[in-house]
Amino acid sequence: QVQLVESGGGSVQAGGSLRLSCAFSGYTHSSYCMGWFRQAPGKEREGVAAIDSDGATDYADSVKGRFTISKDNAKNTLYLRMNSLTPEDTAVYYCALVIGARGMWHGGTWFPSILENDYNNWGQGTQVTVSS
């Protein structure tokens, strides 16, 4: 049974940084895709960033250049480094995992999926609040 546990959320002023962590366990497949999603009050959950087992990454346009997704396979931990935070980044952040490849080819490059419906294992979420 896959388990995902997020941590690292908190409150920060605009322009600040946070690093979210997601400890994952309970699977042995070599091929997988992991993502970070967020849901702001009154809004739909949206994809933020994704990384697959081969290290390919993709980001939502709203966070490109500010957020970095990474993973430490030895520690079974997924990270999201968030810089230059704005109040619009305030949301509950979730990590998610799906076994196997999910994504698409574009211009000869593979991009892992940041679509919510492609994922079937979710953490409980961690709150990020950015004040102006």
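What you see is a predicted model, and the numbers here were worked out from it, not measured in a lab.

Participant: Looking at this structure, I do not really get the packing of aromatic side chains. What am I missing?
Facilitator: Throughout the structure, instances matching the rule amount to five aromatic pairs. An angle of 65° between the planes, with centres 5.5 Å apart, marks the rings of Trp-105 and Trp-110 as edge-to-face. Here Trp-105 falls in the exposed class, since its relative accessible area comes to 59%. The partly exposed category is assigned to Trp-110, whose relative accessible area is 22%. Taken together through their ring pairs, the aromatic side chains of Phe-37, Tyr-119 and Trp-122 make up a single cluster. Its end group placed over the ring of Tyr-94, Arg-45 keeps NZ or CZ at 4.7 Å from the ring centre. Positioned over the ring face of Trp-122 is Arg-45, at 3.8 Å from the centre of the ring.

Participant: Whenever I open this one, the state of the cysteines confuses me. Can you help?
Facilitator: Covalent bonding between the sulfur atoms of two cysteines defines a disulfide. Inspection of every chain in the model, using the stated rule, returns one disulfide. Cys-95 supplies the cysteine sulfur nearest to Cys-33, a cysteine that is in no disulfide, at a spacing of 12 Å.

Participant: Is there a simple way to think about unusual backbone geometry in this case?
Facilitator: Glycine aside, a negative phi is what most residues show, and trans is what most peptide bonds show. The backbone of Asn-76 sits at a positive phi, close to 50°, despite the residue not being glycine. Within the element layout of this structure, Asn-76 appears in the loop between β7 (67-72) and β8 (77-82). Residue classification places Asn-76 among the partly exposed positions, given a relative accessible area of 36%. Positive phi, close to 50°, is recorded for Ser-84, a residue that is not glycine. Among the secondary structure elements, Ser-84 is positioned in the loop between β8 and β9 (91-99). The class for Ser-84 is partly exposed, based on a relative accessible area of 42%.

Procedures and definitions
- Residues numbered from 1 in each chain as written.
- Predicted model: local features only at pLDDT ≥ 70, side-chain atom pairs only at ≥ 80, totals over all residues.
- Heavy atoms only, no water.
- Phe/Tyr/Trp six-rings, centres within 6.5 Å; stacked < 30°, edge-to-face > 60°.
- Buried < 20%, exposed > 50% of the residue type's maximum accessible area, 1.4 Å probe, protein only.
- Lys NZ or Arg CZ within 6 Å of the ring centre and 35° of its normal.
- Disulfide = S-S within 2.5 Å.
- Helix = DSSP H or I, 4+ residues; strand = E, 2+ residues; numbered from the N terminus.

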